[in-house]
Amino acid sequence: MTTDPRRSKPHGGALFPLAELLAAGKGNPWWQRIMDLALTMLVAVVGFVGLLRPGHEQDMFGTHDAPSELIILTVLAQAVPLLWRRIMPLTVFAVVLAACLVQVSQLVALRSDLSVLVCLYSVCRYSAPKRATYASLTAAGSLVSAAFLLPPLIEERGLGLFFLGCAMAASIALAVAARARQQQVTFLSERAGQLVREREQRIQLATAAERARVSRDMHDIVGHHLAVITGLADGASSIATRQPQQAALALSHIADTARQALSELRRTLQALRQDADLGSPDFVPQPGLTELSSLLERVRVSGPHVVFESTGNHAELTPGIQLAVYRIVQEALTNILKHSSSATTVTVRLRTAEDSVDVLVEDTGPSTPSPGGHDRLGLISIRERAHLAGGTAEAGPTGRGGWFVHAVFPLNPQGPQ
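Going along each chain's sequence as written, the residues are numbered from 1 onward. Owing to the predicted nature of the model, reporting of local features is limited to residues with pLDDT of at least 70; listing and counting of side-chain atom pairs is limited to 80 or more, with chain, interface and lining totals taken over all residues. Derived side-chain values reflect all non-hydrogen atoms in the structure, with water molecules and hydrogen atoms excluded from consideration.

A.B. asks: Teacher, can you tell me more about helix 5 (residues 89–105) here?
C.D. replies: Given 3.6 residues per turn, any residue in an α-helix points the same way as the ones three and four places further on. Taking 1.5 Å of rise per residue, 17 residues should cover 24 Å, and helix 5 covers 24 Å from first to last C-alpha, within 8% of that figure. Residues of helix 5 that are buried include every one of Pro89, Val92, Phe93, Val96, Leu97, Ala99, Cys100, Gln103 and Val104, and no others. One side of helix 5 holds all its buried residues, which, seen down the axis, span an arc of 155°. In DSSP terms, a helix is any run of H or I states spanning at least four residues, a strand is any run of E spanning at least two, and both are numbered starting from the N terminus. With its phi angle positive at about 60°, Leu107 sits one or two positions after the end of helix 5. To estimate the expected span of a helix, count its residues, drop one, and scale the result by 1.5 Å. Buried means the residue's accessible area, taken with a 1.4 Å probe over protein chains only, is under 20% of the maximum for its type, while exposed means over 50%, and partly exposed covers the values in between. Taken from the helix axis, the directions to the C-beta atoms give the arc we talk about.

Structure follows, in structure tokens:
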């Protein structure tokens, strides 16, 4: 036997669109006004139906001598203020409760008194917890008063108090649950906004760090190669008439240095492109200690006598430390080319131990001291390079007419590299 799905569809299909409609309109101010207006009309209709029903004088609440105008006013006072229950919950609760107490004092209670439970829900939902507590205690006292005044409740006082207490407790519980859910939604919304702001801040910090890195690389590349080119050009101009072959060789070195500078600049700028092809021949890795010999050779060609001393195994060093060592040596040699004569002697010592890497660059000084001293920006760049790789660096005069740059990098796997 098979079941026709069309027969079971109307059973739940009528409820789901209503649930979707309620969920879609939730939080919409216009939807809330429509719901409050519908609730107001419902309370008024329920009250007036009970009031206009034939024989309502002999209703379950017994006979009464209350004027109809007063009862009509109390019904309106129970219904109309519900339009403002969200923005003035405590005031609306006080007005509705007073109207209900007037009915009770006249031994009249219509079904419109359910507005008290609606107002109690609104106070617990939208007001401060302290005010909600006072409103709950006031409502409880009013229920006890009704139990001692209305004849049907007097006869079954315990049962009446039980049902009225359950209704009040259900109203408060629904309000507390809705309030907790709203707080959770607000917290999640604020958390999501905070995460978005933190992500944007991380992007900005990463962008700033990348700009700083490119700025340091540009400073090192341009400064070093221009210093080498300047030294070679000065040397070529001074021997052009006496040693034309040496001058031509110097011009060849100038061309090679310029081409290498362009290649390094192209690589540095290409790294900023999001669509950079890492497999491109132009996209070569950052320099390391293997390129240190060619760096020293370019300086030798420019005039200074360079002595390189190396101890230890450098192949196991991380790329970050190798790049930092290369850039520090490059910047130190650039300062020497700018501020020392071609007759100076430069010593580069690189020592790799089990726990640290030590690099020292010093020169014997210029024939005549340079009035400008060493490049302060270059010295700051050296310290930043060392710090970013987890090390320290210092620079200053040797006391023998020259300058030194000394950097130490601890080989700690947990340290910044």
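Alright, that's what it looks like, and here's the rest.
A.B. asks: Whenever I open this one, helix 4 (residues 68–79) confuses me. Can you help?
C.D. replies: An ideal rise of 1.5 Å per residue puts 16 Å on 12 residues; helix 4 measures up with 17 Å between its terminal C-alpha atoms. When we look at burial in helix 4, the residues that qualify are Ile71, Thr74, Val75, Gln78 and Ala79. Each buried residue of helix 4 sits inside an arc of 130° when the element is viewed along its axis, so together they form one side. Turned more than 90 degrees from where helix 4 packs its buried face, Glu69 and Leu73 sit exposed.

A.B. asks: Sorry if this is basic, but what is going on with a nonpolar patch on the surface here?
C.D. replies: Nonpolar side chains (Val, Leu, Ile, Met, Phe, Trp, Tyr) within 5 Å and like charges within 9 Å form the patches, drawn only from residues with over 30% relative accessible area and no salt bridge. Per-residue and other accessible areas follow the Shrake-Rupley method at a 1.4 Å probe size, with only the shown protein chains counted as cover for residues. Salt bridge criterion: a side-chain nitrogen from Lys or Arg within 4 Å of a carboxyl oxygen from Asp or Glu. Together, Leu37, Met41, Ile72, Leu73, Leu76, Val80, Leu83, Trp84, Ile87 and Met88 make up a nonpolar patch on the protein surface, roughly 900 Å² of accessible area in all. Mapped by element, the contributors of at least two residues to the nonpolar patch are helix 3 (29–52) and helix 4. The leading source of residues in the nonpolar patch is helix 4, at 3 residues. With respect to the element layout, Val80 can be found in the loop between helix 4 and helix 5. Classification of Val80 by relative accessible area gives partly exposed; the value is 37%.

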